[in-house]
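What the coordinates show
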Amino acid sequence: MAGLEILPFADEHLNEAARLLADRHTRHRDAEALLPPRFEEPELARAELERVWHMDDASGTAAFRGGRMAGYLVGAPRPDQVWGANLWVEAPGHAVDRAEDAEVVRDLYAAAAARWVEEERVRHSVLVPAADEALLDAWWRLSFGKQHAHGVQEVRAPRNASVPDGFEIRGPRADEVEQLIDVDLALPEHQRGSPVFGAAHLSSRDESRAEWARTLDQGEEQILIGAHDGRPVACWALVPAERSNEHRGLQLPEHACHLGFAATLPEFRGTGIGVALTDAALAWAEAEGYTAMITDWRVTNLLSSRFWPKRGFRVSFLRLYRSIP
């Protein structure tokens, strides 16, 4: 882009970059008010940027025009054994000056990705505010596509909630772990199929059994079981949002809980038990004093990408992905 100078990102760029990030977050909150307001302050935005900049093997680029920062881009790898030869740009890892065209991000990526690919990190992910159409378009024109959605909604218990005939909603019982394992494994089995083709580790029954034993022993999660004729056929699990691995900082509403797991056995999908469990989860969250709920889903999962928006979740961030041959 004419008149644009691209430099390797460095500590000396943090203050200017934090200003751009705070501005981006302010614009994002105009579209999604549940996002935390404190990161509209550059000094707090800087702390989030520093977190990603100080990750192991982080690198990036900064763009300047006429001596003023026009944008920045910072990424770092996650563990290869989980994500392959990867590079992640987290939510605080990129922003452009509001006076600049989002096109700047394409120049930033062109310079940064040269190093990443030279390091053989060819699976690139970036978290982008879902409301920023210009920024999304710039990433799409870099051959990135939607992979994962992060959703938020206010906690308001439905007033006309009901449970389908033949079902009940309750907590799990220690003597039904083998049936709970069936529900636990239903989600990764579904994610491995078309059109998701997820490559996540599929736990064995022994691994799932041990995880259920820990979960029931610790009692740190709110587990809601959908049972049909006494048999567990669906499971919703909630935790304080701070325990989420994928929602943090800029992405994390205040006073939020995380709907971190939801699965229904295939033969019971479409019966209404998932709707009833979501209503029960919102009622529990309201009673516990939470004001927001978060969850996330693969956009290639046809069931979840249709179900969660209908349950009131608004997309706050999109994870975009590109794999370089």
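This text goes with the structure placed above it.
Residues numbered from 1 in each chain as written. Predicted model: local features only at pLDDT ≥ 70, side-chain atom pairs only at ≥ 80, totals over all residues. Heavy atoms only, no water.

Assigned secondary structure in the chain consists of nine helices and 13 strands. Relative to its length of 325 residues, the chain is compact, with a C-alpha radius of gyration of 21 Å against a globular reference of 20 Å. In terms of principal-axis extent, the alpha carbons of the chain reach across some 70 × 40 × 30 Å. Here the chain holds 325 residues, and the buried ones make up 48% of them. Here the contacts in the chain between residues at least 6 apart in sequence split such that 73% fall between residues at least 24 apart. Per element, the accessible surface of the chain, about 15,000 Å² overall, is 48% carbon and sulfur. With 36 positive and 51 negative side-chain charges, the chain shows a spacing of 4 Å between the two charge centroids. (Helix = DSSP H or I, 4+ residues; strand = E, 2+ residues; numbered from the N terminus. Rg over C-alpha atoms; globule rule 2.2 N^0.38 Å. Buried < 20%, exposed > 50% of the residue type's maximum accessible area, 1.4 Å probe, protein only. Contact = heavy atoms within 4.5 Å. Areas by Shrake-Rupley, 256 points an atom, 1.4 Å probe, with all protein chains shown as cover. Lys, Arg positive; Asp, Glu negative; His and termini not counted. Charge placed at Lys NZ, Arg CZ, Asp CG, Glu CD.)

So, on to empty space enclosed by the protein. Gaps between atoms show up when a probe of the same size as a water molecule is rolled over them. All chains considered together, the criterion is met by one cavity of 30 Å³ or more. The calculated volume of the largest cavity comes to roughly 30 Å³. As for the largest cavity, its lining consists of Arg 51, Arg 78, Glu 90, Asn 245, Glu 246, Arg 248 and Gln 251. A class-by-class count of the residues in the lining of the largest cavity yields no nonpolar, two polar and five charged. (1 Å grid on protein atoms, 1.4 Å probe; cavity = no way out; pocket = protein on both sides within 12 Å on 5 of 7 lines; lining within 4 Å. Points joined across faces, edges and corners; volume = space filled by probe spheres on them. Nonpolar A, V, L, I, M, F, W, Y, C, P; charged D, E, K, R; others polar.)

Counting through the fold element by element, Thr 271 comes out in the loop between β11 (256-264) and α8 (273-287). Here the alpha-carbon distance between Thr 271 and Ser 316, two residues 45 residues apart in the chain, equals 28 Å. Looking at Thr 271, its side chain comes within polar contact range of the main-chain oxygen of Phe 268, at 2.8 Å. Polar contacts involving the side chain of Thr 271 include one to the main-chain amide nitrogen of Ile 273, which spans 3.4 Å. (Polar contact = N/O pair within 3.5 Å; in protein donor to acceptor, adjacent residues only side chain to side chain.)

To summarise the sheet geometry, strands pair through backbone hydrogen bonds and adopt either a parallel or an antiparallel arrangement. Across the sheet, nine strands lie side by side as β4-β6-β13-β7-β12-β11-β10-β9-β8; this open sheet has mixed pairing. Since the sheet does not close on itself, it has two edges, and those belong to β4 (86-89) and β8 (167-170), each with one partner. Strand-to-strand twist in this sheet, taken as the mean axis angle between neighbours without regard to direction, amounts to 20°. Here strand β9 (residues 222-228) pairs with strand β10 (residues 231-240) via seven bridges, running antiparallel. In the strand pairing of β10, His 228 is matched with Arg 231. Contacts from helix α4 (residues 104-118) reach β4, β6 (123-129) and β13 (314-323) within the one sheet, and its direction differs from that of β6 by about 150°. (Pairing = 2+ DSSP bridges. Axes fitted to C-alpha atoms, helices over the stretch in contact; angles between N-to-C directions.)

Purely geometric stuff here, so don't read any function into it on its own.
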